[in-house]
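Remarks on the overall topology
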Amino acid sequence: MVASAAALQAAMPGIYINAQVGRQMADGVAIIQSLAASGDLRSIVVVGLGTNGDVTATQIRQLRRAVGSGRYLVLVNTYGPMSWESEVNDVLAAAARQQSRVDLANWHQAIAGHTGLLWPDGIHPQPSGTKLYAHLVLQAIQAELPRGKPLPCQPASLPTAKAKGN
């Protein structure tokens, strides 16, 4: 998310981004709870955590409760050589299948065929990869919105890279 912040802002001007290097899901849940308690949580919440550690079903339930039933939650899965990658992605996919107003932005599927867009660590996107990431998040947000309802921010023109699935 940190690497893609500029691309996300370009694709969706006005988006609020709270990203930090090394953040894990437990920290993300606490931040969402704090934003909800202060009334600062937006109507669509995008969470891209799992690259730096495991994610549990309990954490996802806590996250969903914090987001609230009146908001949309977009979960971005992970890609990379981490031992926990498939377990994290399974937990996120299950949440998207089982819960209403939850969608999965399938970064794993989108980037798997375009690994040249990643830095040599095989995890973090290069500038061209960040555009694919932003496009994927925008697609997931648009999928969650009822037909005809505008985005809460103004989308810029979409990048030309096409994401598979999602």
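For the structure itself, look to the data block above.
Residues numbered from 1 in each chain as written. Predicted model: local features only at pLDDT ≥ 70, side-chain atom pairs only at ≥ 80, totals over all residues. Heavy atoms only, no water.

**Observations concerning unusual backbone geometry**
Short version of the rule: Helix and strand labels come from DSSP, where a helix needs a run of H or I of at least four residues and a strand needs a run of E of at least two; each type is numbered from the N terminus. Categorising residues by exposure relies on relative accessible area from a 1.4 Å probe, with only protein chains included: less than 20% of the type maximum marks a residue as buried, more than 50% marks it as exposed, and the intermediate range marks it as partly exposed.
The phi dihedral of Arg101 is positive, around 60°, even though this residue is not glycine. Residue position: Arg101 is located in the loop between helix H4 (85-98) and strand S3 (102-105). Since its relative accessible area comes to 31%, Arg101 is described here as partly exposed.

**A word on the sheet that holds strand S1 (residues 44-47)**
The cut-off we apply is this: Pairing between strands is defined by DSSP: at least two bridges between the two strands are required. Only the stretch in contact is used when fitting a helix axis, every axis being a line fitted to C-alpha atoms; angles between N-to-C directions are given from 0 to 180 degrees. It only takes one pair of heavy atoms within 4.5 Å for two residues to be counted as in contact.
Taken in spatial order, the three strands line up as S1-S2-S3 in an open sheet, and their pairing is parallel. The open sheet is flanked by S1 and S3, the only strands paired with a single partner. This sheet shows a mean twist of 20° between the axes of neighbouring strands, independent of strand direction. As defined by bridge partners, S1 adjoins strand S2 (residues 72-76) across four bridges and the pair is classed as parallel. Considered in S2, the bridge of Ile44 is made with Tyr72. Across the sheet, helix H3 (residues 57-67) lies against S1, S2 and S3, angled at about 145° from S2, the strand it touches most.

**What about helix H6 (residues 127-144)?**
Put simply, the rule reads: Take the number of residues in a helix, subtract one, and multiply by 1.5 Å to get its expected span.
Relative to the 26 Å expected for 18 residues at 1.5 Å per residue, H6 spans 26 Å between its end C-alpha atoms, a close match to the ideal helical length. Restricting attention to buried positions, one finds in H6 the residues Gly129, Thr130, Leu132, Tyr133, Ala134, His135, Leu136, Val137, Leu138, Ala140, Ile141 and Glu144. Against the buried residues of H6 lie helix H1 (5-11), S1, S2, S3 and helix H5 (107-112).

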